[in-house]
Amino acid sequence: MEQWKDLFLALPLSEGWLHVLLFITFGLHLLFVLLMLGTAMLGFIFFLQGLFSGDRDELVWNQGMIKSHLGLKSLAVVLGVAPLLIIQVISSLGFFTVTGLFAYTWLAIIPLLIFAFLSIELFERKMLTSPWLPFLCGALGVGALLTVPVVFTGALSLMERPESWAQFGARTIPLSSVYLPHWLFRYLHVLGAAVVFGATFHIFFSKRNGDKSAKLQRWLLGGILFQVAIGVPLLFTVASVFNWPVLAAVTLGSIIAVVLAWTLRPSCPPTTPRIMSPLLLLPIIFVSMLMARQFLQNTTLNLLHKQARASLKKESADLSKYRKQALERFKTKLATVYNNGSTFYKGSCQPCHGAGGIGGGPAAKRLLIKAENLTAIRADKAYVRELILKGIDGSDMPYFTMFDGDKIDSLLAELDKQFAMFHPVTISKHTVSNQAKQVWKDSCATCHAQNGNISKFGHTLRPAPPDLQRFSLEPDRAFKIITEGYPGTVMQPFRALPENIRHDLVTLTALLRNK
């Protein structure tokens, strides 16, 4: 198995470091998500209290609290990118499977967040001006915001239960399944944590305001008790994958939560250490619960990832004996399809010059200067190579510099094979008259030069005339061009000349090529 062929296993860092990074980045993301959710929830509740009590000071204080939502939501969104990227690398199978299963709701997160952020922004701005608009914006904004964790908790819960993927996809998960209550309790646990962290965050900024601080402490205490109450059934839903690291982390977090709740009990006199206790103890609870979640997730996803790696390794070993044979067949097919002159002609030349090479391709009728009849050309291979690579300026003949040397050689070989393009030109054995030589000197040499090369004036034309020392045409085609001209170029018809003179000119051009 070669790493570069198995993108599924191409990890930018070792798995251990990626798990450490995931723990840190997810922890930061979750912290600001909880602060953002808690601020929005408490802000709307306090708004309702202030609205019904008619307490404007309450609304002013609440508006100041909601203002922090702007910064918190920005950090929550930005910090969410890193854990998403990491988890899709180290748990590709689980992440992409569940993302697909949750596709519609996953996509709905973006408009939900946009709507929630704008609504809460308007809720904060209009809080002091009118009762109904902020009520409507707050209710809709907070409602939309609380819908997002439903999707995330559902997806993460399903990702940790691969045995339920098929049933979820078929929408046949029974109500007796552990997945559904786990999803519900996990979601409620997030809401409870949001209240705890939102209240603590604002206790810190309201510690000089005794009434507000006490009010927030009551919410903090209620949030902690709610977390303990929800945590018990939540643990039962993960009993099948419970292990000692999870048990140790949950026990530590629960003990600290009980201690914190004890310090916040109503009968306890308010003191500075009491106010500061959430700031000291909450990080321990947060980290311990985050570790428990990580241990639980790793129990399933690491096993799943190892099984996928083992399966790929076995499959690669089984197929390795066919690798050499497959590569040879692939090279042969590649040469047949992509390094074949016939393929190049069909794709690049045939649209104008036609299948028979006489200039009757499907695109030829749109050309101002008709495509040349390739069956009549008798030219130097090097000259034709230049024409193909550089094109003909002033005509519709494009350049093909995208072809490498091998491809050009195969195309030239195909042109010679089909149209005898590099064969000698047919030359009449009769002697060219002096009258024809004089016509050449007086008229033709103006563009073609006396020796058949392109004259100085000829180089100014677009397209320039061909170099007749390296390019010639079979007699019939040359006679037709001398008689009728070449439409779209300055090559004019010379049908007024006697026929024998025109035939002599044909012979003359052929002799120039063979000098």
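Everything that follows concerns the structure shown earlier in this document.
Residues numbered from 1 in each chain as written. Predicted model: local features only at pLDDT ≥ 70, side-chain atom pairs only at ≥ 80, totals over all residues. Heavy atoms only, no water.

Asker: What's the story with a nonpolar patch on the surface in this structure? I'm lost.
Answerer: A cluster of nonpolar residues, Leu-13, Trp-17, Val-20, Leu-21, Ile-24 and Leu-28, forms a patch on the protein surface that exposes about 550 Å² of accessible area. In this fold, Val-20 is placed in helix H1 (residues 15–53). Owing to a relative accessible area of 38%, Val-20 belongs among the partly exposed residues under this scheme. (Patch = residues over 30% accessible without salt bridge, like charges linked within 9 Å, V, L, I, M, F, W, Y side chains within 5 Å. Areas by Shrake-Rupley, 256 points an atom, 1.4 Å probe, with all protein chains shown as cover. Salt bridge = Lys/Arg side-chain N within 4 Å of Asp/Glu carboxyl O. Helix = DSSP H or I, 4+ residues; strand = E, 2+ residues; numbered from the N terminus. Buried < 20%, exposed > 50% of the residue type's maximum accessible area, 1.4 Å probe, protein only.)

Asker: I'm lost on the environment of Thr-343 in this one. Help?
Answerer: Mapped onto the fold, Thr-343 is located in helix H13 (residues 341–353). Residue classification places Thr-343 among the partly exposed residues on the basis of a relative accessible area of 32%. Separated by 272 residues in sequence, Thr-343 and Gly-71 have C-alpha atoms that sit 60 Å apart.

Asker: Please clarify how the pattern of salt bridges should be interpreted in this entry.
Answerer: Proximity of charged atoms lets side chains of opposite charge pair with each other. Following the criterion strictly, the structure yields 14 salt bridges and no others. Lys-215 is paired through a salt bridge with Glu-58; the nearest N and O atoms lie 2.1 Å apart. One end of the pair, Lys-215, is in helix H9 (residues 210–236); the other, Glu-58, is in helix H2 (residues 56–79), and 157 residues separate them in sequence. Just as Lys-215 is buried, Glu-58 falls in that class too. Between Asp-409 and Arg-385 there is a salt bridge, with the nearest N and O atoms lying 2.1 Å from each other. Here Asp-409 is found in helix H15 (residues 405–419), whereas its partner Arg-385 is found in helix H14 (residues 381–390), with 24 residues between them in sequence. Residue class for Asp-409 comes out partly exposed when judged on its relative accessible area of 38%. Members of the salt-bridge network, linked through shared partners, are Glu-58, Lys-212 and Lys-215.

Asker: Would you explain the nonpolar core in this entry?
Answerer: Side chains of a nonpolar character, in soluble globular proteins, are inclined to be buried together. Counting 77 residues, the largest nonpolar core has Leu-34, Phe-102, Leu-145 and Ile-224 as the members making the most contacts within it. Per element, the largest residue contribution to this core is 16 residues, and it comes from H1. The residues touching Leu-34, leaving out its near neighbours within four places in the chain, are Val-190, Ala-193, Ala-194, Phe-197, Gly-198 and Phe-286. Counting residues in hydrophobic clusters, the runner-up holds 41 residues, among them Ile-377, Ala-379, Trp-440 and Leu-505. (Core = buried A, V, L, I, M, F, W, Y, C linked by side-chain atoms within 4.5 Å. Contact = heavy atoms within 4.5 Å.)

Asker: Would you mind showing me how to read the packing of aromatic side chains here?
Answerer: Each pair of aromatic rings is reported with the distance of its centres and the angle of its planes. Within the structure shown, the criterion is met by 19 aromatic pairs. Taking the centre distance of 5.4 Å and the plane angle of 70° together, the rings of Phe-197 and Phe-286 count as edge-to-face. Within this pair, whereas Phe-197 is found in helix H8 (residues 179–205), its partner Phe-286 is found in helix H11 (residues 272–320), the two being separated by 89 residues in sequence. Judged by relative accessible area, which is 11%, Phe-197 ranks as buried. For Phe-286, a relative accessible area of 13% corresponds to the buried category. Taken together, Phe-44, Phe-47, Phe-123, Trp-132 and Phe-135 form an aromatic cluster joined through their ring pairs. Above the plane of the ring of Phe-26 lies Arg-293, whose end atom (NZ or CZ) is 4.2 Å from the centre. (Phe/Tyr/Trp six-rings, centres within 6.5 Å; stacked < 30°, edge-to-face > 60°. Lys NZ or Arg CZ within 6 Å of the ring centre and 35° of its normal.)

Asker: Would you explain H15 in this entry?
Answerer: Owing to its 3.6 residues per turn, the α-helix brings residues three or four apart onto one side. For H15, spanning 15 residues, the distance from its first C-alpha to its last is 21 Å, which sits close to the expected 21 Å at 1.5 Å a residue. Regarding H15, the residues found buried are Ile-408, Ser-410, Leu-411, Leu-412, Glu-414, Leu-415 and Phe-419. At its buried positions, H15 is contacted by H13, strand E1 (377–379) and H14. For H15, the side-chain oxygen to backbone nitrogen distance between the N-cap and Asp-406 is 3.3 Å, and the N-cap itself is Asp-404. (Expected span 1.5 Å × (residues − 1). Polar contact = N/O pair within 3.5 Å; in protein donor to acceptor, adjacent residues only side chain to side chain.)

Asker: Please explain the packing of H2 against helix H3 (residues 81–90) as it appears in this structure.
Answerer: The relative placement of two packed helices comes down to the angle between their axes together with the axis-to-axis distance. Their axes nearest at 4 Å, the elements H2 and H3 cross at an angle of 20°. One finds that H2 runs roughly parallel with respect to H3. Taking contact as the criterion, the partners of Val-77, Val-78 and Leu-79 in H2 are, on H3, Val-81, Ala-82 and Pro-83. (Axes fitted to C-alpha atoms, helices over the stretch in contact; angles between N-to-C directions. Parallel < 35°, antiparallel > 145°, perpendicular 65-115°, else oblique.)

Asker: Explain the side chain of Glu-372 here, please?
Answerer: Locating Glu-372 in the fold gives a position in the loop between H13 and E1. Residue classification places Glu-372 among the buried residues on the basis of a relative accessible area of 12%. In terms of polar contacts, Glu-372 uses its side chain to reach the side chain of Tyr-486, at 3.5 Å. Apart from the residues lying within four places of it in its own chain, the contact partners of Glu-372 are His-353, Gly-357, Ile-358, Gly-359, Ile-377, Leu-473, Arg-477, Ile-481 and Tyr-486.

Asker: Whenever I open this one, unusual backbone geometry confuses me. Can you help?
Answerer: The phi angle of most residues is negative, glycine excepted, and most peptide bonds adopt the trans form. Cis geometry marks the peptide bond from Arg-462 to Pro-463, where omega comes out at 0°. Mapped onto the elements of the fold, Pro-463 is located in the loop between helix H16 (434–448) and strand E2 (471–473). Positive phi is not limited to glycine here, since Arg-171 has a value of about 55°. Mapping Arg-171 onto the fold places it in the loop between helix H7 (165–169) and H8. The class of Arg-171 is exposed, set by a relative accessible area of 71%. Not every positive phi belongs to a glycine, and Ala-449 is a case in point at roughly 75°. Checked against the element boundaries, Ala-449 lands in the loop between H16 and E2. Assessed through its relative accessible area of 12%, Ala-449 is described here as buried.

Read these as geometric descriptors, not functional statements.
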